[in-house]
Amino acid sequence: MSAAQMQLLTAKMAPKELAALKKLMLRPGFLEEWNSLDALAAGFAKVLLAKENATPSVSYKLFTTYDPEAILWLGFTTKDAVVKERFNLFLKVWPEARQKIPHALMQEMRITPELAIYAEVVHSIFLELIDAS
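Turning our eyes to something else, we now look at the confidence of the model for the protein. In this model, the protein carries a mean pLDDT of 92, and residues with pLDDT of at least 70 account for 98%. In the model of the protein, helix 3 (residues 30-35) stands out as the element of lowest mean pLDDT, 83, in contrast to helix 5 (residues 56-65), which has the highest, 97.

Shown next, in the form of structure tokens:
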């Protein structure tokens, strides 16, 4: 169970019941994770909206490398239109760019899955495509 799931499951509980439930938590550190969700999400929002992270490829790398709990909680709770737009790009627009990778041309150039650096080349092309759109 993740801290974000617990936050959602207990959202409508009375404060007294919630405090009692939190005392029963068995996994060490889980309560700290649960209590720090808002701070984690705010930290991710700050990083995501920073000027140096405005490029689509850099934003994509943030989404794929940042703490998943922070990303998940920010996605559930944000009201910021710019953050919502970045989530939309990551979840709906950028995946479509993978279909524009010129696999036939790459095969003609002998860039095939047998190459050791094939995955790296495909990923680089994908990042270039989302930066160009």
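Next comes the rest of the write-up.
Before going further, it helps to spend a moment on helix 7 (residues 81-97). If you check helix 7, its first and last C-alpha atoms are 23 Å apart, about what 17 residues at 1.5 Å a residue would give, namely 24 Å. Remark: the principal bend of helix 7, roughly 45°, maps to leucine 89. Listing the buried residues of helix 7 in full gives Val83, Arg86, Phe87, Phe90, Trp94 and Ala97. Where the residues of helix 7 are buried, they touch helix 4 (37-48), helix 5, helix 6 (68-77) and helix 9 (118-132).

Once that is clear, we can look at the side chain of lysine 22. By the secondary structure assignment, lysine 22 is in helix 2 (residues 15-23). Of the side chains with opposite charge, aspartate 38 lies nearest to the buried lysine 22, which makes no salt bridge, at 9.1 Å. A distance of 2.8 Å separates polar atoms of two side chains, one belonging to lysine 22 and the other to asparagine 35. Dropping the residues within four chain positions of it, lysine 22 is found in contact with Leu31, Trp34 and Asn35.

Attention now moves to the nonpolar core. Counting 31 residues, the largest nonpolar core has Phe44, Phe63 and Phe126 as the members making the most contacts within it. Mapped by element, the contributors of at least two residues to this core are helix 1 (3-9), helix 3, helix 4, helix 5, helix 6, helix 7 and helix 9. With sequence-adjacent residues up to four places away left out, phenylalanine 63 is seen in contact with Phe44, Leu48, Ile71, Arg86, Phe87, Phe90 and Trp94.

Another aspect to go through is the environment of valine 122. Of note, valine 122 is situated in helix 9. Exposure remark for valine 122: the relative accessible area of 13% places this residue in the buried category. Along the sequence, valine 122 and proline 102 sit 20 residues apart, while their C-alpha atoms lie 9.3 Å from each other. Setting aside its immediate chain neighbours within four residues, valine 122 contacts Ile101 and Met106.

About the cut-offs
Residues numbered from 1 in each chain as written. Predicted model: local features only at pLDDT ≥ 70, side-chain atom pairs only at ≥ 80, totals over all residues. Heavy atoms only, no water. pLDDT = per-residue confidence, 0-100. Helix = DSSP H or I, 4+ residues; strand = E, 2+ residues; numbered from the N terminus. Expected span 1.5 Å × (residues − 1). Bend = angle between axes of the 7 residues up to and from the residue. Buried < 20%, exposed > 50% of the residue type's maximum accessible area, 1.4 Å probe, protein only. Contact = heavy atoms within 4.5 Å. Lys, Arg positive; Asp, Glu negative; His and termini not counted. Salt bridge = Lys/Arg side-chain N within 4 Å of Asp/Glu carboxyl O. Polar contact = N/O pair within 3.5 Å; in protein donor to acceptor, adjacent residues only side chain to side chain. Core = buried A, V, L, I, M, F, W, Y, C linked by side-chain atoms within 4.5 Å.

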